[in-house]
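This is what each chain is made of:
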Amino acid sequence: MEELKIPKHIAFIMDGNGRWAKNKHLPRSVGHREGVTSMRRVVEACYEKGVQVVSFYAFSTENWSRPKEEIKTLFSMLEKFAKSEIPKYAKRNFIIRCMGNLSELPDNVRIALESNMKLCDGNDGMVVNLGINYGGRDEIVYAVKKLIDKGLEVNKQNISSNLYTADIPDPDLMVRSSGEVRLSNFMLWQLSYSEMLFLDTLWPDFDGKTVDEIIKQYNKRDRRFGRV
């Protein structure tokens with residue numbers, strides 16, 4: 001039996017927490033909590049498979065338009081994740097990083113993320129990359145402004161090297177849950193040649209078996225990068 005190719009970098013758009021909760025007649029906050037648990041399962045499964053980088057769309061620049069109470073719940077979970085989960089990952093040689101403008105987050109959330117990510121300094125294991133207050137278009141503008149400030153030519157190579165993800169490979173595969181078929185402003189530059197997989201499964205139902213299926217589906221693809 002031929003050995004499966006393992007993607008180096010899988011990016012996830014975590015969608016369907018609210019619908020999962022609604023289907024079970026539960027508050028949306030429960031769906032978001034279950035979504036965090038699902039993310040933990042996916043990280044573990046990807047680590048066991050040998051995936052080097054996993055990216056998650058945790059909070060987009062558009063999510064600010066959601067109800068204030070829901071945003072408050074999301075930020076509370078982010079702070080809890082930073083304080084309770086990042087130290088555990090740091091001890092396992094993981095690297096936790098964020099892409100997005102953290103300066104606009106509530107101080108308690110920003111400080112919790114920044115201080116705990118420092119625990120990963122010196123680690124060289126699996127990268128868990130979190131998109132927080134992140135938007136793909138904003139990221140491209142951010143990179144171009146950096147080039148202008150540095151007096152560098154605006155070209156493809158220089159833009160790539162000034163994105164939030166400058167030092168990690170572009171995703172080999174992007175996976176979106178819940179049956180929605182769109183990118184929603186996620187990693188627009190980096191996903192140019194990524195394989196894309198849209199699953200009907202709601203995000204809180206993702207687990208190790210889902211990751212197994214994702215990798216099997218990836219192995220059915222013929223990546224051409226624009227070639228015939």
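Above this note sits the structure.
Below: a short report on this structure. (Residues numbered from 1 in each chain as written. Predicted model: local features only at pLDDT ≥ 70, side-chain atom pairs only at ≥ 80, totals over all residues. Heavy atoms only, no water.)

Quick look at the pattern of salt bridges
Here is the rule: When a carboxyl oxygen of Asp or Glu is within 4 Å of a side-chain nitrogen of Lys or Arg, the pair counts as a salt bridge. Comment: elements are numbered from the N terminus, with helices defined as DSSP H or I runs of at least four residues and strands as E runs of at least two. Burial classification: accessible surface area is computed with a 1.4 Å probe over protein chains only, and a residue below 20% of its type maximum counts as buried, one above 50% as exposed, and the rest as partly exposed.
One pass over the full model with this rule turns up 16 salt bridges. Its salt-bridge partner being Asp 15, residue Arg 176 comes within 3.0 Å of it at the nearest N-O pair. You can see Arg 176 sitting in strand β5 (residues 173–176) and its partner Asp 15 sitting in the loop between β1 (9–13) and α1 (17–23), a full 161 residues away along the chain. Asp 15 carries the same exposure label as Arg 176, and that label is buried. Residues joined in a network through salt bridges with shared partners are Asp 15, Arg 19, Arg 176, Glu 180 and Arg 182.

A few points about the nonpolar core
Quick reminder of the rule: In this text, buried Ala, Val, Leu, Ile, Met, Phe, Trp, Tyr and Cys residues form a nonpolar core when linked through side-chain atoms within 4.5 Å. We call two residues contacting when some pair of their heavy atoms lies within 4.5 Å.
In this structure, Phe 12, Phe 56 and Leu 113 are the most contacted members of the largest nonpolar core, which totals 46 residues. Counting residues per element, this core draws most heavily on helix α3 (residues 68–84), at seven residues. Apart from the residues within four sequence positions on either side, Phe 12 is in contact with Val 42, Cys 46, Val 54, Ser 55, Phe 56, Tyr 57, Val 175, Phe 186, Trp 203, Phe 206 and Ile 214. One finds Ala 11, Tyr 57, Phe 186 and Leu 191 within the second-largest nonpolar core, a separate group that totals ten residues.

A look at helix α6 (residues 136–150)
At 3.6 residues per turn, the α-helix brings residues three or four places apart onto the same side. Just so we agree on the cut-off: Take the number of residues in a helix, subtract one, and multiply by 1.5 Å to get its expected span.
Along its 15 residues, α6 runs 21 Å from first to last C-alpha, staying within 8% of the 21 Å computed at 1.5 Å per residue. Directly beyond the C-terminal end of α6, a positive phi value near 70° is found at Gly 151.

Here we look at the environment of Ser 29
Relative to the elements of secondary structure, Ser 29 occurs in helix α2 (residues 28–49). By relative accessible area, which is 23% here, Ser 29 ends up partly exposed. Once the C-alpha coordinates of Ser 29 and Met 77 are considered, the two residues, 48 residues apart in sequence, prove to be 9.6 Å apart.

Section: the pairing of β1
As a reminder, the rule being used: Paired strands, in this sense, are two strands between which DSSP finds at least two bridges.
The buried fraction of β1 amounts to five of the five residues, a majority that puts the element mostly inside the structure. Here β1 shows a buried face lined by His 9, Ala 11 and Ile 13 and a second buried face lined by Ile 10 and Phe 12. The pairing of β1 with strand β2 (residues 53–60) spans five bridges and is classified as parallel. Considered in β2, the bridge of Ile 13 is made with Tyr 57.

Remarks on the sheet that holds β2
Strand pairing in a sheet relies on backbone hydrogen bonds. The paired strands run either parallel or antiparallel. As a reminder, the rule being used: For helices, the axis comes from a line fit to the C-alpha atoms of the stretch in contact; other axes are also lines fit to C-alpha atoms, and the angle between any two N-to-C directions lies between 0 and 180 degrees.
Sheet architecture is open: six strands sit in the order β3-β4-β2-β1-β5-β6, paired in parallel fashion. The sheet is open, and its two borders are formed by β3 (95–99) and β6 (195–198), each paired with just one other strand. Averaged over all pairs of adjacent strands, the angle between their axes in this sheet comes to 20°, without regard to strand direction. Sheet topology note: the β2/strand β4 (residues 127–134) ladder contains seven bridges and is parallel. Considered in β4, the bridge of Ser 55 is made with Asn 129.

What to know about the packing of aromatic side chains
As a reminder of what qualifies: Aromatic contacts are taken between Phe, Tyr and Trp rings whose centres are within 6.5 Å, Trp giving its six-membered ring; a plane angle under 30 degrees counts as stacked, one over 60 as edge-to-face, and the others as tilted. Both a distance and an angle decide whether a charge sits over a ring: NZ of Lys or CZ of Arg must be within 6 Å of the ring centre and within 35 degrees of the ring normal.
Within the structure shown, the criterion is met by 15 aromatic pairs. Relative to Phe 75, the ring of Phe 59 lies with its centre 5.0 Å away and its plane at 45°, an arrangement referred to as tilted. Separated by 16 residues along the polypeptide, Phe 59 in strand β2 and Phe 75 in helix α3 bring together distant segments of the chain. The exposure classification of Phe 59 matches that of Phe 75, with both residues buried. Linked through ring pairs, Tyr 57, Tyr 134, Tyr 142, Tyr 164 and Phe 186 together constitute an aromatic cluster. In this arrangement the basic side chain of Arg 92 is found over the ring face of Tyr 47, its NZ or CZ atom lying 5.3 Å from the centre.

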